[in-house]
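Reading the structure
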Amino acid sequence: QVQLVESGGGLVQPGGSLRLSCAASGRTFSSYAMGWFRQAPGKEREFVAAISGSGGSTYYVDSVKGRFTISRDNAKNTVYLQMNSLKPEDTAVYYCARYGSSWYTTAPSSWGQGTQVTVRS
């Protein structure tokens, strides 16, 4: 069973930046696509971004395109989410997820515990 541990959340002012990290256990990290999801209070969990196992392909929800960047370091078993130009509507608990294959066309099969991101003045 893979373990996913997120870090990097916090409180930031609108327009600010944060970088989330997700460290994964195991020795087959590059075999799996990874993704970030978020859940705001009173709302359902939503997809944010995904990256293929090799890191060569990425996909974003429209609301974060141009502001967020997903990347991965397979040597460190870590996936990142660089978030710039943050808005109050980005406030949510952010979850790291591992997909069932090297492409993000499958459903996530493992989840981290989440990290809180709060954007307010």
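What counts as what
Residues numbered from 1 in each chain as written. Predicted model: local features only at pLDDT ≥ 70, side-chain atom pairs only at ≥ 80, totals over all residues. Heavy atoms only, no water. Salt bridge = Lys/Arg side-chain N within 4 Å of Asp/Glu carboxyl O. Buried < 20%, exposed > 50% of the residue type's maximum accessible area, 1.4 Å probe, protein only. Helix = DSSP H or I, 4+ residues; strand = E, 2+ residues; numbered from the N terminus. Phe/Tyr/Trp six-rings, centres within 6.5 Å; stacked < 30°, edge-to-face > 60°. Lys NZ or Arg CZ within 6 Å of the ring centre and 35° of its normal. Disulfide = S-S within 2.5 Å.

**A word on the pattern of salt bridges**
- Taken as a whole and assessed by the stated rule, the structure comprises 4 salt bridges.
- Arginine 38 is the partner of glutamate 46 in a salt bridge, and the nearest nitrogen-oxygen pair spans 2.6 Å.
- Judged by relative accessible area, glutamate 46 falls into the partly exposed class, the value being 33%.
- Owing to a relative accessible area of 6%, arginine 38 belongs among the buried residues under this scheme.
- When the shortest N-O distance is used, the salt bridge between arginine 67 and aspartate 90 registers 2.7 Å. With arginine 67 in the loop between strand E6 (58-60) and strand E7 (68-73) and aspartate 90 in the loop between strand E8 (78-83) and strand E9 (92-99), this residue pair connects regions lying 23 residues apart in the sequence.
- Residue aspartate 90 is classed as buried on the basis of its relative accessible area of 1%.

**A few points about the packing of aromatic side chains**
- All told, the structure shown has 6 aromatic pairs when counted by the stated rule.
- Aromatic pair phenylalanine 37 and tyrosine 99: ring centres 6.5 Å apart, planes at 40 degrees, arrangement tilted. On the criterion of sequence distance, the pair formed by phenylalanine 37 in strand E4 (residues 34-39) and tyrosine 99 in strand E9 is long-range, its members being 62 residues apart. Note on accessibility: phenylalanine 37 and tyrosine 99 belong to one class, buried.
- Taking the centre distance of 6.3 Å and the plane angle of 20 degrees together, the rings of tyrosine 59 and tyrosine 104 count as stacked. Taken as a pair, tyrosine 59 in strand E6 and tyrosine 104 in the loop between E9 and strand E10 (108-111) lie far apart in primary sequence, 45 residues in all.
- You can call tyrosine 59 partly exposed: its relative accessible area is 47%.
- Between arginine 45 and the ring centre of tyrosine 95, over which it is positioned, the NZ or CZ distance is 3.9 Å.
- Above the plane of the ring of tryptophan 111 lies arginine 45, whose end atom (NZ or CZ) is 4.4 Å from the centre.

**So, the state of the cysteines**
- Here the structure, examined in full by the defined rule, presents 1 disulfide.
- The disulfide partner of cysteine 22 is cysteine 96, and the S-S distance across this bridge is 2.1 Å. One disulfide, between cysteine 22 and cysteine 96, carries an S-S torsion of -75 degrees and so falls in the left-handed class. Taken together, the residues cysteine 22 in strand E3 (residues 18-24) and cysteine 96 in strand E9 connect sequence positions 74 residues apart. Exposure class is identical for cysteine 22 and cysteine 96. Each is buried.

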